[in-house]
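# Understanding the architecture of this molecule
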Amino acid sequence: MEDIIEDIIIEDATPKESSLIADAILEAIGQDITMNLAGDKGKETVHEIFRRLAEKEDTQYSYKNTRIAKTPDGMPIGVCISYDGANLKKLREAFFEEANNHLGWGMSKQEIENLPGETDEEEFYLDTLMTKPNFRGKGVGRALIIDAGRKATLAQKPLGLLCDMDNDKAYRLYKDIGFVKEGTRLFAGHEMYHLILK
């Protein structure tokens, strides 16, 4: 393992960091899902949607649900979005409104209501985790996960997340921290491992 950064600072995000949050979301969901969401609108449109959602207070991708890892001199090196799974249905309304208005999805309220969630009421959900490339393998992701675990403990719920079945490196990290498999769930048409921190 490379040198661990000992003095990572983790702070609440601000609306000014909305573009960084959007970068993190796109990196976390990957190129395939990003382009799936975009259709013929392009990656820039998807980034702008997530940037607007990050600026708001009442969305799953809000700066209020985001913590930023920084170096001691204030450089952002990682992003983690997490929230109470019981709030997902309400929090994701803004995403579907944006997708309908700017990506041409045309989903009805009933269709949105019937969509399965990537989390549930019983868990605190780690939605997005991203470490900047030059800082990977240095403990940033682990620090952000532990920080999200503290938020989950305050909410008196276990921390849950989804992991791409092809992402062995991420799965090993989660397993090492104490996550266990609790089956699978669909996210954007992809089957993923559902993990819970025990």
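Since the structure is predicted, the reported quantities are computational estimates derived from the model, not experimental observations.

### Concerning the packing of aromatic side chains
The geometry of two aromatic rings is summed up by the distance between their centres and the angle between their planes. Under the defined criterion, the tally for this structure stands at eight aromatic pairs. Ring centres of Y174 and F179 lie 5.6 Å apart, and the angle between their planes is 65°; this geometry places the pair in the edge-to-face category. F179 shares its class with Y174; the two are buried. The aromatic ring of Y193 is capped on one face by K181, whose charged end is 4.2 Å from the ring centroid.

### Quick notes on the pairing of strand β5 (residues 159–164)
Taken across its six residues, β5 has five buried, putting it largely inside the fold. After leaving strand β4 (residues 124–131), the chain enters helix α6 (residues 140–154) and then returns to the sheet as β5, a path that is right-handed. Sheet analysis places β5 next to strand β7 (residues 190–197), joined by five bridges and oriented antiparallel. Residue pairing for β7: G160 is matched across the bridge by I196.

### A short note on the sheet that holds strand β6 (residues 179–187)
Read across the open sheet, the seven strands follow the order β1-β2-β3-β4-β5-β7-β6; overall the sheet is mixed. Edge strands, defined here as strands with exactly one partner in the open sheet, are β1 (9–12) and β6. Going from strand to strand, the sheet's axes swing by 30° on average, the running direction of each strand aside. Sitting on the sheet, helix α1 (residues 18–38) is in contact with β2 (66–70), β3 (76–84), β4, β6 and β7, with an inclination near 90° to β4.

### What to know about the layout of surface pockets
Over the atoms rolls a probe the size of a water molecule, and its path tells where empty space is left. The space that makes up the largest pocket amounts to roughly 1300 Å³. At the level of elements, α1, β4, α6, β5, α7 (168–177) and β7 are the ones that each hand at least two residues to the lining of the largest pocket. Along the lines of polarity and charge, the residues of the lining of the largest pocket split into 24 nonpolar, nine polar and 12 charged. Approximately 500 Å³ is the volume attributed to the second largest pocket. Lining the second largest pocket are 20 residues, and of these F96, W105, L115, F187 and A188 lie nearest its centre. Listed by contribution, the elements that provide at least two residues to the lining of the second largest pocket are α1, α4 (93–102) and β6. Element by element, the count of residues in the lining of the second largest pocket is highest for α1, at five residues. Grouping the amino acids of the lining of the second largest pocket by side-chain chemistry returns 15 nonpolar, three polar and two charged.

### Concerning the environment of K89
If you trace the backbone, K89 turns up in helix α3 (residues 88–91). Classification of K89 by relative accessible area gives partly exposed; the value is 45%. Of the polar contacts made by the side chain of K89, one reaches the backbone oxygen of E113; its length is 3.2 Å.

Cut-off values and rules
- Residues numbered from 1 in each chain as written.
- Predicted model: local features only at pLDDT ≥ 70, side-chain atom pairs only at ≥ 80, totals over all residues.
- Heavy atoms only, no water.
- Phe/Tyr/Trp six-rings, centres within 6.5 Å; stacked < 30°, edge-to-face > 60°.
- Buried < 20%, exposed > 50% of the residue type's maximum accessible area, 1.4 Å probe, protein only.
- Lys NZ or Arg CZ within 6 Å of the ring centre and 35° of its normal.
- Helix = DSSP H or I, 4+ residues; strand = E, 2+ residues; numbered from the N terminus.
- Right-handed = clockwise from strand over helix to strand, strands pointing away.
- Pairing = 2+ DSSP bridges.
- Axes fitted to C-alpha atoms, helices over the stretch in contact; angles between N-to-C directions.
- Contact = heavy atoms within 4.5 Å.
- 1 Å grid on protein atoms, 1.4 Å probe; cavity = no way out; pocket = protein on both sides within 12 Å on 5 of 7 lines; lining within 4 Å.
- Points joined across faces, edges and corners; volume = space filled by probe spheres on them.
- Nonpolar A, V, L, I, M, F, W, Y, C, P; charged D, E, K, R; others polar.
- Polar contact = N/O pair within 3.5 Å; in protein donor to acceptor, adjacent residues only side chain to side chain.

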